[in-house]
Amino acid sequence: MPDKHVARRRDIKARLERAEKTLDETRNSAGGHSRAIRLHLEREIDARNKDLALLDVRPEDSGNTPASSNIDP
């Protein structure tokens, strides 16, 4: 299982880096690109960052206890 976790993390990071590079090149191009393309790339970057954050969450924190159990009465 840890090997799958590491492989998944590498895949997400690679996709994130490609999207960031493409967005940077798009912003710096002389002709520029449509706003829709830039928005798509920004959303992909945001999604990959969220994926990485979810991978960082420990499995025991992923819903085994209800959120209300942490609240004092």
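Residues numbered from 1 in each chain as written. Predicted model: local features only at pLDDT ≥ 70, side-chain atom pairs only at ≥ 80, totals over all residues. Heavy atoms only, no water.

**Some points on the overall build of the protein chain**
Move 1: When helices and strands are tallied, the protein chain shows 2 helices and 0 strands.
Move 2: Each of the 73 residues in the protein chain was classed as buried or not, and the buried ones make up 14%.
Move 3: Excluding contacts between residues fewer than 6 apart, the proportion of contacts in the protein chain whose partners are at least 24 apart in sequence is 62%.
Move 4: Total accessible area on the protein chain stands at roughly 6100 Å², and carbon and sulfur atoms take up 52% of it. (Helix = DSSP H or I, 4+ residues; strand = E, 2+ residues; numbered from the N terminus. Buried < 20%, exposed > 50% of the residue type's maximum accessible area, 1.4 Å probe, protein only. Contact = heavy atoms within 4.5 Å. Areas by Shrake-Rupley, 256 points an atom, 1.4 Å probe, with all protein chains shown as cover.)

**Comments concerning the environment of Arg27**
Move 1: Relative to the assigned elements, Arg27 resides in helix H1 (residues 2–28).
Move 2: Note: C-alpha distance between Arg27 and Arg38 (11 residues apart in sequence) is 7.9 Å.
Move 3: When sequence neighbours within four positions are dropped, the list of residues in contact with Arg27 reads Arg38 and Glu42.
Move 4: At a separation of 2.7 Å, a polar atom in the side chain of Arg27 contacts the side chain of Glu42. (Polar contact = N/O pair within 3.5 Å; in protein donor to acceptor, adjacent residues only side chain to side chain.)

**With respect to the side chain of Arg48**
Move 1: Within the fold, Arg48 resides in helix H2 (residues 35–56).
Move 2: With relative accessibility at 14%, the residue Arg48 sits in the buried group.
Move 3: Setting aside chain neighbours within four positions, we find Arg48 in contact with Ile12, Arg15 and Leu16.

**A few points about the packing of H1 against H2**
Move 1: In contact at an axis separation of 9 Å, H1 and H2 are set at 155° when each is read in the N-to-C sense. Relative to H2, the element H1 lies roughly antiparallel. The handedness of the crossing between H1 and H2 comes out as left-handed.
Move 2: Looking at the contact of H1 with H2 residue by residue, the class counts come to 8 nonpolar, 4 polar and 12 charged. (Axes fitted to C-alpha atoms, helices over the stretch in contact; angles between N-to-C directions. Parallel < 35°, antiparallel > 145°, perpendicular 65-115°, else oblique. Left-handed = near helix turned anticlockwise from the far one by under 90°. Nonpolar A, V, L, I, M, F, W, Y, C, P; charged D, E, K, R; others polar.)

**Notes on the environment of Arg38**
Move 1: Tracing the chain through its elements places Arg38 in helix H2.
Move 2: Judged by its relative accessible area of 27%, Arg38 falls in the partly exposed class.

**Some words on the pattern of salt bridges**
As a working rule, side chains carrying opposite charge can pair if their charged atoms are close by.
Move 1: Evaluation of the coordinates by the stated rule reveals 5 salt bridges.
Move 2: With its nearest N and O atoms 3.4 Å apart, the salt bridge here joins Asp46 to Lys50. Placement of the pair is Asp46 and Lys50 together in helix H2, with a separation of 4 residues, close to one helical turn. (Salt bridge = Lys/Arg side-chain N within 4 Å of Asp/Glu carboxyl O.)

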